[in-house]
Amino acid sequence: MTTTTPKARKRRRKTRTQNVNHRPPIIASDLKANQLDLAPGKEHLVCPDCSTWVPITGLLGTPKLVPHHTGRAKEAEPRRCTVGSNRKVTIDVEVSDWRRELIEAVPSTASRRATKVLPKPKVKSAPAASQIKPALLSGEQARQTFRRHQQQCPACKGEVTGRDGQPLPCRDGERLAVTFLRLLRQEPKRRTVREFFARERRRFDCQYAAAAPAKRTSEWAAVLPNVKDADTRRSQLPVGDAPAESPSVPLEPLHPTC
């Protein structure tokens, strides 16, 4: 008999297993360049079933995925990927070809990056056609528009002719000329209306300026009794004797300002 406490023997960790998944093997050429890593000593690929980076073991014999979990390492309640563990891998891609494809994919990926999003300027909605107020056109503006059209229009200059050799009339020039003549006839009446409104505006301003002092005087007269009453009550002494423990309240300001 011995007095020492028996201890359990340390179990040897099993780094490899002979189990092989019955599913068809994963073809490396079918994966994208960013889903495969063929760097020597760091062979990994993305498991098609759980989208997790998994090491590849048995490269000298039968390459396959190592048993792995679905999720990141050290997470709570990990779940084993039973459909993707120990699945065979057919590496039919050379390391040089994979590296060249990965390098060529970098510029195209950078060109597909989204540009800076610029805020769309807020544009005020256009008013309805019934809400648009046309600007008043004066005779001088119509004359300038008509002269500018005559200088730029070949038909108004007589440079456009028909089949018979006669100069063709300009419809736009005729319309501008009629508008100019109509505004020229209406200009005296429009000027009279503008002068009338300006004269009425000046008369209203004069009446308002003349009535302002009288209105201000009446307003002061309405509040004058209340002001006098407040001054009278403020000048009266409070009921009772003045307090003996504290100085009396002065009725006159100590530091007059005027």
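Residues numbered from 1 in each chain as written. Predicted model: local features only at pLDDT ≥ 70, side-chain atom pairs only at ≥ 80, totals over all residues. Heavy atoms only, no water.

1. With respect to the pairing of strand E4 (residues 53–57)
Inference 1: Pairing between strand E3 (residues 44–46) and E4: three bridges, direction antiparallel. Following the sheet pairing, Val46 is matched in E4 by Trp53.
Inference 2: A loop of six residues connects E3 with E4, the two strands running antiparallel in sequence, and Ser51 in this loop sits at a positive phi of about 55 degrees.
Inference 3: Here E4 pairs with strand E5 (residues 64–65) via two bridges, running antiparallel. (Pairing = 2+ DSSP bridges. Helix = DSSP H or I, 4+ residues; strand = E, 2+ residues; numbered from the N terminus.)

2. Focus on unusual backbone geometry
In terms of backbone geometry, most residues other than glycine have negative phi values and most peptide bonds are trans.
Inference 1: In this structure, Ser51 is a non-glycine residue whose phi angle is positive, near 55 degrees.
Inference 2: Its location among the elements puts Ser51 in the loop between E3 and E4.
Inference 3: The exposed category is assigned to Ser51, whose relative accessible area is 59%.
Inference 4: Phi is positive for Asn86, which is not a glycine, with a value near 60 degrees.
Inference 5: Positionally, Asn86 belongs in the loop between E5 and strand E6 (89–90). (Buried < 20%, exposed > 50% of the residue type's maximum accessible area, 1.4 Å probe, protein only.)

3. Observations regarding the nonpolar core
Inference 1: Membership of the largest hydrophobic core comes to 16 residues, with the highest contact counts inside it found for Leu36, Leu45, Cys47 and Leu65.
Inference 2: The residues contacting Leu36, other than those within four sequence positions of it, are Ala28, Leu31, His44, Leu45, Trp53 and Trp98. (Core = buried A, V, L, I, M, F, W, Y, C linked by side-chain atoms within 4.5 Å. Contact = heavy atoms within 4.5 Å.)

4. Focus: the pattern of salt bridges
Inference 1: Taken as a whole and judged by the stated rule, the model has 11 salt bridges.
Inference 2: Of the charged contacts in the structure, one is a salt bridge between Arg87 and Asp49, with a shortest N-O distance of 3.6 Å. A residue pair is termed long-range when its members are at least 10 positions apart, and Arg87 in the loop between E5 and E6 and Asp49 in the loop between E3 and E4 qualify at 38 residues.
Inference 3: Under the relative-accessibility criterion, Asp49 is labelled partly exposed at 33%.
Inference 4: Notably, a salt bridge pairs Arg171 with Glu174, separated by 3.6 Å at the nearest N-O pair. With Arg171 and Glu174 both in helix H4 (residues 171–235) and three residues apart, this pair spans about one turn of that helix.
Inference 5: The class for Arg171 is exposed, based on a relative accessible area of 61%.
Inference 6: Residue classification places Glu174 among the partly exposed residues on the basis of a relative accessible area of 38%.
Inference 7: Members of the salt-bridge network, linked through shared partners, are Arg23, Asp49 and Arg87. (Salt bridge = Lys/Arg side-chain N within 4 Å of Asp/Glu carboxyl O.)

5. Section: the state of the cysteines
Inference 1: Scanning all chains against the criterion turns up zero disulfides.
Inference 2: Looking at Cys50, it has no disulfide partner, and the nearest cysteine sulfur is the one in Cys47, 3.7 Å off. (Disulfide = S-S within 2.5 Å.)

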